[in-house]
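Results of the structural survey
Here are the chains, one letter per residue:
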Amino acid sequence: MCRTVGDAAILAAVIAERPLGFGAHGNDIEAFRLRGVRVGVMPVPQGAHPDTTRLFADARAALEHEGAVTVDLNPPKAFDEMGDSQLEGLLYEFKDAINAYLGTLDHRRSIARPLRT
């Protein structure tokens, strides 16, 4: 997750270990705009905090303001079938699992670091 589209583009270039092109703008991130770029948007999760709903709307408005075309996506059926207990288990196990994965990476070539408690 990133604060801005520009941050996400820079992060993607770091992960790819090479400069990424930005359409007709080549590698010029400052000249890059979202005009005409289609962005899939998942619905706000059921039971989400009201602030989350507002943040989703604000993010979508920002994308559209920059010229992106937002497209509503249908969540996979598994999202609706997942009960609260399964979500709680996923959230509980995620930190250990992601730290185990990140621990296998060569940190000299990666920006990834294990999560701290």
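To keep things clear, this report deals only with the structure shown in the data block. For every chain, the first residue of the written sequence is number 1, and numbering continues from 1 onward in sequence order. Confidence filtering applies because this is a predicted model: local features only for residues at pLDDT of at least 70, side-chain atom pairs given and counted only at 80 or more, and all residues used for totals across whole chains, interfaces and linings. Computation of side-chain values: all heavy atoms of the structure, hydrogens and water removed.

**With respect to the pairing of strand β1 (residues 38-41)**
Note the cut-off: Note: two strands are recorded as paired if DSSP finds a minimum of 2 bridges between them. Helix and strand definitions follow DSSP, with helices as H or I runs of at least four residues and strands as E runs of at least two, each counted in order from the N terminus.
The sheet contact formed by β1 and strand β2 (residues 69-72) spans 4 bridges and is parallel. Counterpart to valine 41 in the pairing with β2 is aspartate 72.

**Notes on the side chain of threonine 70**
Put simply, the rule reads: Any pair of nitrogen or oxygen atoms within 3.5 Å is treated as a polar contact; in protein, a donor-acceptor pairing is required on top of that, and neighbouring residues in sequence qualify only through side-chain atoms on both sides. What makes two residues a contact is simply this: any of their non-hydrogen atoms within 4.5 Å.
By the element assignment, threonine 70 lies in strand β2. A distance of 3.0 Å separates a polar atom in the side chain of threonine 70 from a polar atom in the side chain of arginine 60. A polar contact is formed between the side chain of threonine 70 and the side chain of glutamate 64, at a distance of 2.5 Å. With residues near it in sequence (within four places) discarded, threonine 70 still touches Val39, Val41, Arg60, Leu63 and Glu64.

**Considering the pattern of salt bridges**
What counts, and what does not: Salt bridges, as used here, are contacts in which a Lys or Arg side-chain nitrogen is within 4 Å of a carboxyl oxygen on Asp or Glu. Exposure classes here rest on a 1.4 Å probe applied to the protein chains alone. A residue is buried below 20% of its type maximum, exposed above 50%, and partly exposed in between.
Counted by the stated rule, this structure contains 3 salt bridges. Among the salt bridges present, the one from aspartate 58 reaches arginine 54, with a minimum N-O distance of 3.4 Å. Of the two residues, aspartate 58 and arginine 54 both sit in helix α2 (residues 50-65), 4 residues apart, roughly one turn of that helix. Note that glutamate 64 and arginine 60 form a salt bridge whose closest N and O atoms lie 3.5 Å from each other. On the criterion of helical spacing, the pair formed by glutamate 64 and arginine 60 is a turn pair, its members being 4 residues apart in helix α2. Given the relative accessible area of 40%, glutamate 64 is considered partly exposed. The class of arginine 60 is partly exposed, set by a relative accessible area of 23%. Through salt bridges with shared partners, a single ionic network connects Arg60, Glu64 and Asp72.

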